[in-house]
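One letter stands for each residue in the lines below.
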Amino acid sequence: MDVNGYLNDRKALVDAWLRRCFADENPLFPVMYYSLDQGKRIRPILAMASYEACGGKNGDDIMPVACALELIHTYSLIHDDLPAMDNDDLRRGKPSAHRKFGEGVAILSGDGLFAHAFSLLANGDAACEARYRSIRAIARAVGPRGIVFGQMLDIGPVTCDPRTLRQIHSNKTAKFIAVSLEVGALMAEATEKVVRALYWCGLLMGMLFQYTDDILDVTGAAQELGKTPGKDKIADKVTAPAVYGLAGARFRAQRYADRAQAGFRALGDSFAVFPELTDYILNRTH
Ligand code: GRG
């Protein structure tokens, strides 16, 4: 399978949908779109892939949900880059939102993306129960039992040990990747067993995603990453290489990938894209 071709095709669908959704005369929309533009779109692509693998057929049902994930993700990046958080000047290959628009407008553009995401989620005619369960799952993953808690631990102070690392990675990153897969299954009205299995595999994939993010912060180049490498060490962050060394982090990343792939394969042939996507995440360079 040509996984890069697959990702490019899906990214083009997400990009087109987002462009349409942000063509608005309200001047906050181009500001929000500035930060939204140019991501890899991994989370919406995972939601779409999961929806299709579970037999979902209606693009109009899954696109608003998939794109809402990207809005929330972008919001987290804007706030993560702020001086009060990671204080980063570069994001997605261009000046971060507060460098471009000033801190106040950057904060508001994040707030706007977050609220607009829930408005996308709540609109639409797909089966109400599936939509309601998706909204509940997303709210849980991005709230104080998910991303917000992970970020609180991430800005410290915390001890640099394996347990803290697992807590930060699972809350800050893995639960959001897991819920991306979960909502695809929920919107396709998959069985409970499949919803749970995809969430579990998504957690493993999400841990892998943050491991590769940590590793790239050590080994990557700014131009390819589109953000500033080497910042974790300077800020004394609890990362996989800080806890296990680079070789230990790579070993454990491979182990997360193996476990995720075994879980996906157990779901059957219609989920064949997921082991490939796992390999892409393991070997990614940005
Ligand atoms: C409530 C959503 C929310 C956020 C508030 C600021 C904050 C709390 C959380 C920050 C969480 C954060 C930045 C986690 C890092 C996750 C991560 C690996 C981001 C990079 O994702 P990619 O590689 O980036 O998918 P692109 O730019 O390709 O989308």
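Up top is the structure.
Per chain, the residues get numbers from 1 upward, laid out in the order the sequence is written. Where local features are concerned, this predicted model is filtered to residues with pLDDT of at least 70; where side-chain atom pairs are given and counted, the filter is 80 or more; whole-chain, interface and lining totals use all residues. Values reported for side chains reflect all heavy atoms of the structure, with hydrogen atoms and water molecules removed beforehand.

Caption draft 1: Molecular detail of the overall build of the protein. The number of helices and strands found in the protein is 14 helices and two strands. Values of the radius of gyration come from C-alpha atoms, whereas the globule rule sets the reference at 2.2 Å times the count of residues to the power 0.38. The globule rule puts the C-alpha radius of gyration for 286 residues at 19 Å, and the 18 Å found for the protein is close to it. Summarising its shape, the C-alpha atoms of the protein cover approximately 50 × 45 × 35 Å along the three principal directions. Accessible area is worked out with a 1.4 Å probe on protein chains only. A residue is then buried under 20% of its type maximum, exposed over 50%, and partly exposed in between. Looking at the protein as a whole, 53% of its 286 residues qualify as buried. It only takes one pair of heavy atoms within 4.5 Å for two residues to be counted as in contact. Taking as baseline every contact in the protein between residues at least 6 positions apart, the subset at least 24 positions apart corresponds to 72%. When the accessible surface of the protein is totalled, it reaches about 13000 Å², and 54% of it is carbon and sulfur. For the charge count, each Lys or Arg is scored as positive and each Asp or Glu as negative, with His and the chain ends excluded. Taken as the charge location is NZ of Lys, CZ of Arg, CG of Asp or CD of Glu. Here the protein contributes 34 positively and 34 negatively charged side chains, and the mean placements of these two sets differ by 5 Å. Only runs of H or I of at least four residues qualify as helices and only runs of E of at least two qualify as strands under DSSP, and these elements are numbered from the N terminus. Residue-level accessible areas treat just the shown protein chains as cover; the underlying method is Shrake-Rupley with a 1.4 Å probe.

Caption draft 2: Layout of the site of the ligand. Only heavy atoms are used to decide nearness, and a residue is near a molecule or strand if one of them lies within 4 Å of it. Among the 21 residues in the neighbourhood of the ligand, the closest are listed as Lys 40, Arg 43, His 73, Arg 92 and Gln 151. Counting of polar contacts relies on pairs of N or O atoms within 3.5 Å, with two restrictions inside protein: one atom must be capable of donating a hydrogen and the other of accepting it, and residues adjacent in sequence are counted only when both atoms are side-chain atoms. Note that an oxygen atom of the ligand is positioned 2.8 Å from one of the side-chain N or O atoms of His 73. With respect to the ligand, the side chain of Arg 92 contributes an N or O atom lying 2.7 Å from an oxygen atom. Starting from 760 Å² of accessible surface for the ligand in isolation, the protein chains cover 93%. Residue assignment for the shell around the ligand shows that the elements contributing at least two residues are helix 4 (59-81), helix 8 (147-154), helix 9 (162-187) and helix 10 (192-219). Residues are grouped as follows: Ala, Val, Leu, Ile, Met, Phe, Trp, Tyr, Cys and Pro are nonpolar; Asp, Glu, Lys and Arg are charged; all remaining types, including Gly, are polar. Considering only residue class, the shell around the ligand consists of seven nonpolar, seven polar and seven charged.

Caption draft 3: Layout of the pattern of salt bridges. Counted as salt bridges are all cases of a side-chain nitrogen of Lys or Arg within 4 Å of a carboxyl oxygen of Asp or Glu. Summed over all chains, the structure comprises 15 salt bridges. For Lys 227, the salt bridge is made with Asp 213, and the minimal N-O distance between the two is 3.1 Å. Here Lys 227, found in the loop between helix 11 (222-225) and helix 12 (231-234), pairs with Asp 213, found in helix 10; they are 14 residues apart in sequence, far enough to count as distant. Overall, the relative accessible area of 23% leaves Lys 227 in the partly exposed class. Taken together, the shared-partner salt bridges in this structure form one network comprising Lys 11, Asp 15, Arg 41, Glu 70 and Arg 92.

Caption draft 4: Structural context of the environment of Gly 206. As for its placement among the helices and strands, Gly 206 is situated in helix 10. For Gly 206, a relative accessible area of 0% puts it in the buried group. Between the alpha carbons of Gly 206 and Arg 41 there is a distance of 14 Å; along the sequence they are 165 residues apart. Not counting residues up to four positions away in its chain, the partners in contact with Gly 206 are Thr 173, Ala 174 and Ile 177.

Caption draft 5: Up close: the side chain of Asp 214. With respect to the helices and strands, the residue Asp 214 is situated in helix 10. The buried charged residue Asp 214 lacks any salt bridge partner; its closest oppositely charged side chain belongs to Lys 172, at an N-O distance of 5.4 Å. A polar side-chain atom of Asp 214 sits 2.8 Å from a polar atom in the side chain of His 169. Once you skip the residues sitting within four places of it in the chain, Asp 214 turns out to touch Leu 165, His 169, Asp 232, Thr 239, Ala 240 and Pro 241.

Caption draft 6: Examining helix 2 (residues 28-36) more closely. Burial within helix 2 is extensive, with seven of its nine residues counted as buried. Among the residues making up helix 2, those that are buried are Phe 29, Val 31, Met 32, Tyr 33, Tyr 34, Ser 35 and Leu 36. Tucked inside the fold, the buried residues of helix 2 contact helix 1 (3-21), helix 4, strand 2 (94-95), helix 5 (97-101) and helix 6 (103-122).

Caption draft 7: Fine view of the packing of aromatic side chains. In this analysis, rings of Phe, Tyr and Trp, with Trp reduced to its six-membered ring, are considered paired at centre separations within 6.5 Å, and the interplanar angle assigns stacked below 30 degrees, edge-to-face beyond 60, and tilted for intermediate values. Under the counting rule described, the total for this entry stands at eight aromatic pairs. An angle of 40° between the planes, with centres 6.2 Å apart, marks the rings of Phe 22 and Tyr 33 as tilted. Residue Phe 22 is located in the loop between helix 1 and helix 2, and its partner Tyr 33 is located in helix 2; the two are separated by 11 residues in the primary sequence. Classification of Phe 22 by relative accessible area gives buried; the value is 6%. An aromatic cluster is built from Phe 22, Phe 29 and Tyr 33, whose rings are joined through pairwise contacts.

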